[in-house]
Amino acid sequence: MRIACFDSGIGGLTVLHEAMKRLPHEHFLYYADTLHVPYGTKSKEDVMRHVNEAVAAIVQEEVKALIVACNTATSIAISQLRQTYSIPIIGMEPAVKPALDLNRTTGKRVLVLATPLTLKQSKFKDLIARLDDQSIVDSLPLPELVHYCEQLNFDRSFMSNYFHTKLSSYPLQHVGTVVLGCTHYPFYTNILREILPSHIDIVDGSAGTVSRLVQILEHEGPVSCSLQKDGYDRVDFRCSSQDQAYIHKMETALHILRNQ
Ligand code: DGL
């Protein structure tokens, strides 16, 4: 049986890409809710409804586990999904813990970039309250970035200008780590790397989420985790708008990640 991976759009491919590297013998089903992307600028109630509909469609396909490869959907719907379905459901959360571990002794700050909706949720606020004992975590919503990503806008000069504008009022000399708290954002890691001061680390949550998936699968039997990069035909793509052009876009986006 396949492992499902779900996001509003192409963002979850950054997690799928990591899962495919770690689990070279597994098959995957990737589902994008193209009828409703983006989630991060919608209301909590709307996103809850869209996620429930999307996951109901996914589980019809018989999958053995589900990665909610979307920080926004996780922060809103993960508890309810786990109550509704018996398959293992693995969520995403901004990688605040690894970022804090990197900065506890440096005196530098942590900057979390995410969608407006993720940053507003109690799940994020609780995470900060639980871990940020030195009050060194700041956050910045990037409401336009998912749209640029969905357009496959990776134009270096346009995107550098965008990030410069967004970060212009932020004292980057005091930042030690930037957390990419939306699964779309790692598509821009290379561009961010170029414009951020070199002392800043960039982290995201995909490795942690995939490690959790591997742990869960291991419970059910031996899992081969060798780091080979073959077999990229092991994904069935689906989208809620059933749009062939979007399926092609997902293949292109996965290809971009492979070549990053
Ligand atoms: N990629 C998603 C996330 O991790 C959602 C982005 C969106 O649809 O706004 O938050």
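Residue positions are counted from 1 within each chain, in the order its sequence is given. It should be noted that, the model being predicted, local features are given only for residues of pLDDT at least 70 and side-chain atom pairs only at 80 or more, the latter also being counted only at that level, while totals for whole chains, interfaces and linings use all residues. The side-chain quantities take in all heavy atoms of the structure and omit both hydrogens and water.

Visitor: Lay out the sheet that holds strand E7 (residues 175-180) with the relevant residues and their values.
Guide: The sheet built from four strands is open, its strands ordered E6-E5-E7-E8 with parallel pairing. Looking at which strands have only one partner, the edges of the open sheet turn out to be strand E6 (137-141) and strand E8 (201-204). Averaged over all neighbouring strand pairs, the angle between strand axes comes to 25 degrees, with direction disregarded. Judged from the five bridges that link them, strand E5 (residues 109-114) and E6 form a sheet pairing that is parallel. Bridge pairing in E6 links Val112 to Ser139. The criterion for strand pairing is that DSSP finds at least two bridges linking the strands in question. Under the scheme used here, helices are H or I runs from DSSP no shorter than 4 residues and strands are E runs no shorter than 2 residues, and both carry numbers assigned from the N terminus. In this analysis, axes come from line fits to C-alpha atoms, helices being fitted only over the stretch in contact, and the angle between any two N-to-C directions falls in the range 0 to 180 degrees.

Visitor: Please set out the packing of aromatic side chains residue by residue, giving values where relevant.
Guide: A pair of aromatic rings is counted whenever rings of Phe, Tyr or Trp (Trp by its six-membered ring) have centres within 6.5 Å, and the orientation is called stacked for planes under 30 degrees apart, edge-to-face for over 60 and tilted otherwise. Tallied over the full model, the rule gives nine aromatic pairs. Pairing Tyr162 with Phe163 gives two aromatic rings, centres 5.5 Å apart and planes at 65 degrees, and the pair type is edge-to-face. Each of the two residues, Tyr162 as well as Phe163, counts as buried. Aromatic rings pair up to connect Tyr148, Phe154, Phe158, Tyr162, Phe163, Phe187 and Tyr188 into one cluster. Partly exposed residues are those whose accessible area sits between 20% and 50% of the maximum for their type, while under 20% is buried and over 50% is exposed, using a 1.4 Å probe and protein chains only.

Visitor: Which residues make up unusual backbone geometry, and what are the values?
Guide: A negative phi angle is the norm for most residues apart from glycine, just as the trans form is the norm for most peptide bonds. A cis amide bond links Val37 to the next residue, Pro38, at an omega of 0 degrees. Mapped onto the fold, Pro38 is located in the loop between strand E2 (28-32) and helix H2 (44-59). Backbone geometry at Leu152 places phi at a positive 55 degrees, although glycine is not the residue there. Within the fold, Leu152 resides in the loop between helix H7 (145-150) and helix H8 (156-167). Given a relative accessible area of 27%, Leu152 falls into the partly exposed group. Even without glycine at this site, Gln242 takes up a positive phi of about 45 degrees. Relative to the elements of secondary structure, Gln242 occurs in the loop between strand E9 (235-239) and helix H11 (244-258).

Visitor: Which residues make up the side chain of Thr177, and what values do they have?
Guide: Mapped onto the elements of the fold, Thr177 is located in strand E7. For Thr177, a relative accessible area of 0% corresponds to the buried category. Here a polar contact means two N or O atoms within 3.5 Å. Within protein one must be a hydrogen donor candidate and the other an acceptor candidate, and residues neighboring in sequence count only if both atoms are side-chain atoms. Looking at Thr177, its side chain comes within polar contact range of the side chain of Asn103, at 2.6 Å. Residue contacts are defined here by distance: any two heavy atoms, one from each residue, within 4.5 Å place the two residues in contact. Discounting chain neighbours no more than four positions away, the residues touching Thr177 are Ala99, Leu102, Asn103, Arg109, Val110, Leu111, Ile200, Asp201 and Val203.

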